[in-house]
Amino acid sequence: MKNYDIVIVGGGPAGLAAAVAAKKAGNDSILILERDKELGGILNQCIHNGFGLHTFKEELTGPEYAYRFMEQVFDLNIEYKLNTMVMDISPEKVVTTMNREDGMVEYQAKAVILAMGCRERPRGALNIPGYRPAGIFSAGTAQRLVNIEGYMPGREVVILGSGDIGLIMARRMTLEGAKVKVVAELMPYSGGLKRNIVQCLDDFGIPLKLSHTVVDIEGKERVSAVTIAEVGPDMKPIPGTEERYTCDTLLLSCGLIPENELSKKAGVEMNMITSGPVVNESLETNVPGIFACGNVLHVHDLVDYVSEEAARAGENAAKYAAGQTAATSDKVIKLVATEGARYTVPSTIDVSRMEDLLTVRFRVGAVFKDSYVSVYFDDKQIMHNKKRIMAPGEMEQIILQKKKLEEAGDVQTITIKIEDK
Amino acid sequence: MTYDCIIIGAGVSGSATARELSKYSLNVAVIEKGEDVCSGTSKANSAIVHAGFDAAEGSLMAKLNVEGNEMMDELCSDLDIPFKRNGSLVVCIHEEEKGGLKELYDRGIANGVKGLKLLDKEELHEMEPNLADEACAALYAPTGGIICPFILNIAMAENAAVNGVDFFFNTEAETLKRDDDGIWHIRTNNGEYKTRYVINAAGVYSDKFHNMVADKKIHITPRRGDYCLLDKEMGSFVSHTIFPQPTKLGKGVLVSPTIHGNLIVGPTAIDIEDKEATATTAAGINDLIAKAGMHVKNLPVGRKVITSFAGLRAHEDAHEFVIGEVKEAPGFIDCAGIESPGLTSSPAIGRMVADIVVGLAKPEKKADWNGKRKGILNPSELSVEERNELIKKEPAYGQIICRCESISEGEILDAIRRPLGARSLDGVKRRTRAGMGRCQAGFCSPRVMEILNRELGLAYEDITKSGGKSNIVLERTKGEAQAI
């Protein structure tokens, strides 16, 4: 068995930023494990621009953004293994890997950072009736085929779901000469960023039909038509609203699922809402020394936030590996998301271990206009900020000050809610 | 050339028959309209080895079910097919219907089913803690089992091929007639095939061929069954195969672990006309979800489904297997109306059909027949040391391609290179499970395409999901530079 202070599972944006931060925090024993043949993760197929506006104040493509971090990994001589699959993580932080050259190898880590990212919800999980022909792709698979392999999955396209990858692919397929006929979204609002709706659909005249879903897929060998229908408030299709589109391709952009099979093997407790680990203020899971960041923790809207979050996980893992983590106190504050707010990351805060400023991220469950983000320390409202618009597709955040929490004394619960006045 | 015997259909019945016939000095061929074995009725079913208490006493179905069930251990051991006798339970949820279980029990005994036992409420809930509270009694059949239907079909066909049987894919029988010399001429989309004996194992199309040559017509109704397959997280929700009490339409919606550790729920029973209409419907799936919840409690079907699919049972009006030579068409042997328990019965069906041919042709037995097959290696069953040995010899076993099911490149290469190897994404999937996991091939399909391209020299545009016009990609993106 080989020993490393910090083993990072995943060499995408989260894993890279975590590694760089851990190294800069003084740790010299770091290993990144990446299953693909290159570092960079999903960014490698995101060849559109718009990445890095927050971090680098410029508009980069996905591969460019990833390379900014890869360069640092190379310059800092951080070790990484490519084409290497992590097969198991034990609660004792033994990480089992496999690749062609080394076979199966075990690494004993002092700290593990989970940075495996997420996967797309497939057609099967959506219970869409109809045939099962070729021509049905999750948007990310289509993106890989077009941008990495260089092949067109189809010419006439219907898209179900308005997640960001679906919107990006609507534009991408159009630019490659395909006809994107419609984007249908089950919910009464889009799951993607507003800017993507404008730049990827509106600019190309692609209709977005909210409160619509696919009710039939035709074609025995290859998709030949897709029928969509409007859904009522119960999310059930309304008879008589069916519209049939002849097409050869159906793309699905219906949600991302953090990929936590390994986390579960390690005994990590999961949050039912995010499908990611439950973490504390240090982004540490219930298993001491196992940290999580990026889309495996909760699905992000912008990669800048992934990098920022991952850097914190990296620093905390470095502290943990060096035995410098402050002892836990018995004063743990619970964070509660309610009344419009769906979840928070982190879920708990130990004030004695928290940094001076702590970013708490959350998402809302519906579209809110001219509403207020309110934060309560127990029953006492301490923040009431008006936001012009909040939508499920965009992540929200508040920043907590350690000083304020200390001043407040014995706070049991911090509650985040959305209030209309 | 004229074959001694041609089998129409490379489903489970045709493949079982082919393997049985491969024991003899006969020229045998199988013609199949699909691009692979197991592409019709055999590919979508409950993946269950039935005990044999359902079929009517004295019926051919009952006889072949019990025989097939008994043959399964040896066959699966010889051909390296995943199979487990997990036992089945027919669960009664209404006190007043308990009598039905006794009837099933008596029928089972008459059919020759071994080990049947009636369970009271307490025994039952002890065996299966997740049964609905209403479950008040059950019939327990320890010989019931679960199997991989794809591998059963593929393994029998592969073994037949190794023993000399020719397989012709993408070859659809259109018409057939017997000439004055007693030779059958089968017209296909790929030209004419000649044979002394013809086996009609055409699944839902078996009535078409029977009716071309027989005076007494048969009628096959495609009876659609919708299924949901649940995530492996749910695989141990029940340990036995849970049946409701049977009705006129069939054995009802079962809930069962699969041999690979998923949970399967299904089937519905919907009679349709179109013999290719394997589309699921919202009504079918909703019906399934409602019925599945009646015998087990708190089954989260909706949230844990990874895929749903539908299969077609070849239901003959008389609800009986039609096996035998057609009198007025000497040399034409039916293997028709093979619906549930067809998968279970298949080894016995193959033997019975082959015996008919052997009785007519009186061939010699081959001395060099080899009835054993080694399946695709499952590296997860090896120790770490053995696995490392393997990877050292064959590095492809160290490269995971399907991350959900942990399938390595080595397994996929084996699936492509072995006899009757995979040529499509579904072919790879059915042989290795790559793409059968929770992401449903989202991650691995481009990687499997790369391997098919490299191994078979198939252009990307020519790679299909399952043959025919099921191409995955259509053309190069316009950005590609032209070679000069």
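Residues numbered from 1 in each chain as written. Chains lettered and ligands numbered in written order. Predicted model: local features only at pLDDT ≥ 70, side-chain atom pairs only at ≥ 80, totals over all residues.

Novice: It is not clear to me how the overall build of chain B should be interpreted in this structure. Could you clarify?
Specialist: For chain B, the helix and strand inventory stands at 13 helices and 23 strands. By principal-axis analysis of the C-alpha atoms, chain B measures approximately 75 × 60 × 45 Å. Taking contacts inside chain B between residues at least 6 apart in sequence as the whole, the part at least 24 apart equals 72%. (Helix = DSSP H or I, 4+ residues; strand = E, 2+ residues; numbered from the N terminus. Contact = placed C-beta atoms within 7 Å.)

Novice: Mind showing me how you'd approach the overall build of chain A here?
Specialist: A count of helical and extended segments in chain A gives nine helices and 28 strands. Computed over the C-alpha atoms, the radius of gyration of chain A is 22 Å, within 12% of the 22 Å expected from 2.2 N^0.38 for a compact globule of 421 residues. Its C-alpha atoms give chain A principal-axis dimensions of roughly 60 × 60 × 40 Å. Counting every position in chain A, which comprises 421 residues, the buried fraction comes to 52%. Partitioning the contacts of chain A with sequence separation of at least 6, the portion at a separation of at least 24 is 65%. (Rg over C-alpha atoms; globule rule 2.2 N^0.38 Å. Buried ≥ 20, exposed ≤ 12 C-beta atoms within 10 Å, placed from the backbone.)

Novice: Explain the sheet that holds strand 27 (residues 396-401) of chain A here, please?
Specialist: Whether parallel or antiparallel, the strands of a sheet pair through hydrogen bonds between backbone atoms. All names here are of chain A. Spatially, 22-24-27 is the arrangement adopted by the three strands of the open sheet, whose pairing is antiparallel. Only two strands of the sheet have a single partner each, and these edge strands are strand 22 (341-345) and strand 27. For this sheet the average axis-to-axis angle between neighbouring strands, irrespective of direction, equals 30°. As paired elements, strand 24 (residues 357-364) and strand 27 share six bridges and run antiparallel to each other. Its bridge partner being in strand 27, Arg 361 is matched across the sheet by Gln 397. (Pairing = 2+ DSSP bridges. Axes fitted to C-alpha atoms, helices over the stretch in contact; angles between N-to-C directions.)

Novice: Would you take a moment to explain the nonpolar core for this structure?
Specialist: If you look at the biggest cluster of nonpolar residues, it comprises 279 residues, and the most contacted ones within it are Ile 6, Ile 8, Val 9, Ala 18 and Ile 113 of chain A together with Ala 138 of chain B. In this structure Ala 18 of chain A touches Ile 8, Ile 113, Ala 115, Cys 293, Ala 310, Ala 311, Ala 313 and Gly 314 of chain A, once residues within four positions along its chain are discounted. (Core = buried A, V, L, I, M, F, W, Y, C linked by C-beta atoms within 7 Å.)

Novice: So what exactly am I meant to see when it comes to helix 6 (residues 206-213) of chain B here?
Specialist: What sets the pattern is the α-helix's 3.6 residues per turn: residues three or four places apart point alike. Residues and elements named next belong to chain B. Among the residues of helix 6, Ser 206, Asp 207, Phe 209 and His 210 are the ones counted as buried. The arc enclosing the buried residues of helix 6, seen along the axis, measures out at 165°, which places them on a common side. Along its buried surface, helix 6 packs onto strand 1 (2-8), strand 10 (173-178), strand 12 (191-200), strand 13 (220-230), strand 18 (305-316) and strand 20 (332-336). (Arc of directions from axis to C-beta.)

Novice: Would you explain the pairing of strand 13 (residues 179-185) of chain A in this entry?
Specialist: Look at any regular strand and the pattern is simple: side chains alternate between the two faces of the sheet. All names here are of chain A. Burial runs high along strand 13: five of the seven residues are buried. For strand 12 (residues 156-160) and strand 13, the ladder comprises five bridges, and the chain directions are parallel. Looking at strand 13, one finds that Val 158 is bridged to Val 182. For the handedness criterion, the β-α-β arrangement of strand 12, helix 5 (residues 164-175) and strand 13 is classed as right-handed. As defined by bridge partners, strand 13 adjoins strand 14 (residues 208-210) across three bridges and the pair is classed as parallel. Within strand 14, the residue paired with Glu 185 across the bridge is Leu 210. For the handedness criterion, the β-α-β arrangement of strand 13, helix 6 (residues 194-201) and strand 14 is classed as right-handed. (Right-handed = clockwise from strand over helix to strand, strands pointing away.)

Novice: Any chance you could explain the interface of chain B and chain A here in plain terms?
Specialist: Size of an interface: often given as the accessible area lost when the parts come together. Each partner contributes residues to the interface: chain B has 43 residues there, and chain A has 40 residues. Going through the elements one at a time, helix 7 (282-295), strand 18, helix 10 (384-393), helix 13 (445-456) and strand 23 (475-476) of chain B are the ones with two or more residues in the side of chain B that touches chain A. Tallied by class, the residues present in the side of chain B that touches chain A amount to 17 nonpolar, 16 polar and 10 charged. (Nonpolar A, V, L, I, M, F, W, Y, C, P; charged D, E, K, R; others polar.)

Novice: Looking at this model, I keep getting lost on helix 13 of chain B. Mind explaining?
Specialist: For helix 13 of chain B, which comprises 12 residues, the first-to-last C-alpha distance of 16 Å matches the rise-based estimate of 16 Å (1.5 Å per residue) to within 8%. Phi turns positive, to about 65°, at Gly 457 of chain B, one or two residues after helix 13 of chain B. (Expected span 1.5 Å × (residues − 1).)

Novice: Explain the confidence of the model for chain B here, please?
Specialist: One rule of thumb: low pLDDT means the predicted coordinates there are not for detailed reading. Within chain B, residue pLDDT values average 95, and 99% of them lie at 70 or more. Interface confidence for the predicted complex, given as ipTM, is 0.93, next to a pTM of 0.95. (pLDDT = per-residue confidence, 0-100.)

Novice: When you look at the sheet that holds strand 13 of chain A in this model, what are you seeing that I'm missing?
Specialist: Residues and elements named next belong to chain A. One open sheet accounts for five strands, arranged 10-18-12-13-14; its pairing is parallel. Lying at the two open borders of the sheet, with one neighbouring strand each, are strand 10 (136-138) and strand 14. If you compare each strand with its neighbour and ignore which way they point, the axes differ by 20° on average. Of the strand pairs in this sheet, strand 12 and strand 18 (residues 249-252) are connected by four bridges, and their pairing is parallel. Within strand 18, the residue paired with Val 158 across the bridge is Leu 250.

Novice: Even after reading the chapter, I still don't get the packing of helix 5 of chain A against helix 6 of chain A, so can you show me in this structure?
Specialist: Axis angle and axis distance: for two packed helices, these are the angle between their axes and the distance between the axes, and together they describe the pair. All names here are of chain A. Orientation of helix 5 relative to helix 6, taken along the N-to-C sense of each, is 20°, at an axis distance of 8 Å. With respect to helix 6, the element helix 5 is oriented roughly parallel. Classified by chirality, the crossing of helix 6 by helix 5 is left-handed. Contact residues: Asp 164, Leu 167, Ile 168, Ala 170 and Arg 171 in helix 5; Asn 196, Ile 197, Cys 200 and Leu 201 in helix 6. For the contact of helix 5 with helix 6, the residue count by class is six nonpolar, one polar and two charged. (Parallel < 35°, antiparallel > 145°, perpendicular 65-115°, else oblique. Left-handed = near helix turned anticlockwise from the far one by under 90°.)

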